[in-house]
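Residue-level listing of the chains:
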Amino acid sequence: MTSRRATSVWRRIGLALLFLCSATLIISASNLHTAEDVLIIAHRGASGYAPENTMAAFELAERLGADFIEFDVQLSKDGELVVIHDVTVDRTTAFTGYVSQYTLSELQGMDAGSYSNAIFADESLLSFQEVLDRFAGRMGMLIELKEPLLYPGIEEKVAEALKRRAPQLQVAGFGGSERVRAVGKSRNSAAIIIQSFERESIRRMHALLPDIPVAVLVHKDEHPLAPETLDELASYSSYINYSHDLLDEDIVRNIHARNRKVMAWTVRNEKDMERMKKLGVDGVITDFPG
Ligand code: G3P
Ligand code: CA
């Protein structure tokens, strides 16, 4: 081999190595999560500071700069979507009985703030429509179908309500990016994610609204998930959401390896928040956003 040819071969090898190193760096960088990438989701609104699932809690979450509000939906006696966590009204109102025993109008007349503090006596239970009226296109919404097996047809009702909002949501990213960064410091996004512990319900939601990301909540009893179960969940769910105390590096890696995301719930202190950020989760669901 002439010395000129040898130089050319070495130059090509050098260029190939340089290309490989650059590609590796680019791939590594694209997989890196920084603390700023982590979505902050206000659990039942900023429920560490205000009564859960009320307008006060949601508005505070927005002011604190949360990316999303998380809330729970169920059905009233007259088949309307209502925002409440428990299947009964006992804990958060002065009334007793199942949510499904009351009409929407009766539920909207209930004080849902005093259980937390008398200063919130004006807060009432909300319809899904009221939350959409106030926040559609303004903030991300992580909508949990709570106990959907009790409410046949709830998936269709949620899908219809969201479809009616499509023009409003489209402007801000209906079915698009989970984060639409606004100008300045605002981190509030305008996307929708629907989650539930009930997989069949989430499958149904995915079939009804294929452009809206869905999330499966992993119940503690289901942990650890077998690899084939994770594959199955990843076949329709964009997010696999875990209780923060169960999460470790392996779980996060296994979910990301399937090109899916993971959110951790429910974080209530700085130590757990830092641990979740270090693990590289995509979102943290917390009572104390901001
Ligand atoms: O977002 C996750 C979390 O909300 C699930 O638990 O009981 O607060 O609805 P729970
Ligand atoms: Ca919830």
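Preceding block: the structure.
Parameters and conventions
Residues numbered from 1 in each chain as written. Chains lettered and ligands numbered in written order. Predicted model: local features only at pLDDT ≥ 70, side-chain atom pairs only at ≥ 80, totals over all residues. Heavy atoms only, no water. Phe/Tyr/Trp six-rings, centres within 6.5 Å; stacked < 30°, edge-to-face > 60°. Helix = DSSP H or I, 4+ residues; strand = E, 2+ residues; numbered from the N terminus. Buried < 20%, exposed > 50% of the residue type's maximum accessible area, 1.4 Å probe, protein only. Patch = residues over 30% accessible without salt bridge, like charges linked within 9 Å, V, L, I, M, F, W, Y side chains within 5 Å. Areas by Shrake-Rupley, 256 points an atom, 1.4 Å probe, with all protein chains shown as cover. Salt bridge = Lys/Arg side-chain N within 4 Å of Asp/Glu carboxyl O. Polar contact = N/O pair within 3.5 Å; in protein donor to acceptor, adjacent residues only side chain to side chain. Arc of directions from axis to C-beta. Donors = N, O, S within 2.8 Å, 3.2 Å for Na, K, Ca; no water. Axes fitted to C-alpha atoms, helices over the stretch in contact; angles between N-to-C directions. Left-handed = near helix turned anticlockwise from the far one by under 90°. Contact = heavy atoms within 4.5 Å. Nonpolar A, V, L, I, M, F, W, Y, C, P; charged D, E, K, R; others polar. Near = heavy atom within 4 Å.

Trainee: So, the packing of aromatic side chains: which residues are in play, and what are the values?
Mentor: This structure, assessed with the given rule, holds six aromatic pairs. The interplanar angle of 85° and the centroid separation of 6.2 Å between the aromatic rings of phenylalanine 58 and phenylalanine 135 together place this pair among those described as edge-to-face. Separated by 77 residues along the polypeptide, phenylalanine 58 in helix H2 (residues 55-63) and phenylalanine 135 in helix H4 (residues 128-135) bring together distant segments of the chain. Pairing phenylalanine 197 with tryptophan 265 gives two aromatic rings, centres 5.7 Å apart and planes at 80°, and the pair type is edge-to-face. On the criterion of sequence distance, the pair formed by phenylalanine 197 in the loop between strand S6 (192-196) and helix H7 (199-208) and tryptophan 265 in strand S9 (residues 263-267) is long-range, its members being 68 residues apart. The class of tryptophan 265 is buried, set by a relative accessible area of 16%. Aromatic rings pair up to connect Phe58, Phe71, Phe128 and Phe135 into one cluster.

Trainee: Could you give an account of a nonpolar patch on the surface, with specific residues and numbers?
Mentor: Judged by side-chain polarity, Tyr49, Leu64 and Phe288 come together as a nonpolar surface patch covering roughly 260 Å² of accessible area. Classification of tyrosine 49 as partly exposed rests on a relative accessible area of 45%.

Trainee: Quick rundown of the side chain of threonine 54? Include the residues and the values.
Mentor: Relative to the assigned elements, threonine 54 resides in the loop between strand S1 (39-43) and H2. Polar side-chain contacts of threonine 54 include one of 2.6 Å to the backbone oxygen of proline 51.

Trainee: Give a description of helix H9 (residues 249-257) that names residues and reports values.
Mentor: Of the positions making up H9, those classed as buried are Ile251, Val252 and Ile255. Buried residues along H9 cover an arc of 95° about the axis, so they all sit on one side. Seen from the open side of H9, the exposed residues pointing more than 90 degrees away from its buried face are Glu249 and Ala257. For H9, the capping residue at the N-terminal end is aspartate 248, with a side-chain oxygen 3.1 Å from the backbone nitrogen of aspartate 250. Positive backbone phi, approximately 60°, marks asparagine 259, located one or two places after H9.

Trainee: Lay out the coordination of the calcium ion (ligand 2) with the relevant residues and their values.
Mentor: Coordination angles at a metal have ideal targets, namely 109.5 degrees for four tetrahedral donors and 90 or 180 degrees for six octahedral donors. The coordination sphere of the calcium ion (ligand 2), as far as protein atoms go, consists of Glu70 (OE), Asp72 (OD) and Glu144 (OE), spread over 2.1 to 2.3 Å. All donors to the calcium ion (ligand 2) come from one chain, and their sequence spacing reads E-x1-D-x71-E. Placement of the pair is glutamate 70 in strand S2 (residues 68-75) and glutamate 144 in strand S5 (residues 140-145), with a sequence separation of 74 residues. In terms of burial, glutamate 70 and glutamate 144 fall into one category: buried.

Trainee: Can you tell me about unusual backbone geometry, naming the residues and giving the values?
Mentor: Here histidine 223 and proline 224 are connected by a cis peptide whose omega angle stands at 0°. Unlike most non-glycine residues, arginine 44 shows phi in positive territory, near 55°. If you trace the backbone, arginine 44 turns up in the loop between S1 and H2. Here asparagine 53, not a glycine, exhibits a phi torsion of approximately 55°, which is positive. Its location among the elements puts asparagine 53 in the loop between S1 and H2.

Trainee: Would you mind going over the packing of helix H5 (residues 154-164) against H7 in detail, with residue names and values included?
Mentor: Helix-helix packing is characterised by the crossing angle of the two axes and by the distance between the axes. Relative to each other, H5 and H7 sit at 35°, their axes nearing to 10 Å. The crossing of H5 and H7 is right-handed. Residues Glu155, Glu156, Val158, Ala159 and Lys163 of H5 touch H7, and the partners they reach there are Ser201, Arg204, Met205 and Leu208. Tallied by class, residues from the contact of H5 with H7 come to four nonpolar, one polar and four charged.

Trainee: With reference to specific residues and values, describe the site of ligand 1.
Mentor: Lining the immediate surroundings of ligand 1 are His43, Arg44, Glu70, Asp72, His85, Glu144, Lys146, Gln195, Leu217, Trp265 and Ile285. Contact between ligand 1 and arginine 44: an oxygen atom at 2.8 Å from a side-chain N or O atom of the residue. Take lysine 146: an N or O atom from its side chain is 2.8 Å from an oxygen atom of ligand 1. Contact with the protein chains removes 90% of the 290 Å² of surface that ligand 1 exposes when unbound. Residues that form the shell around ligand 1 fall into these classes: three nonpolar, three polar and five charged.

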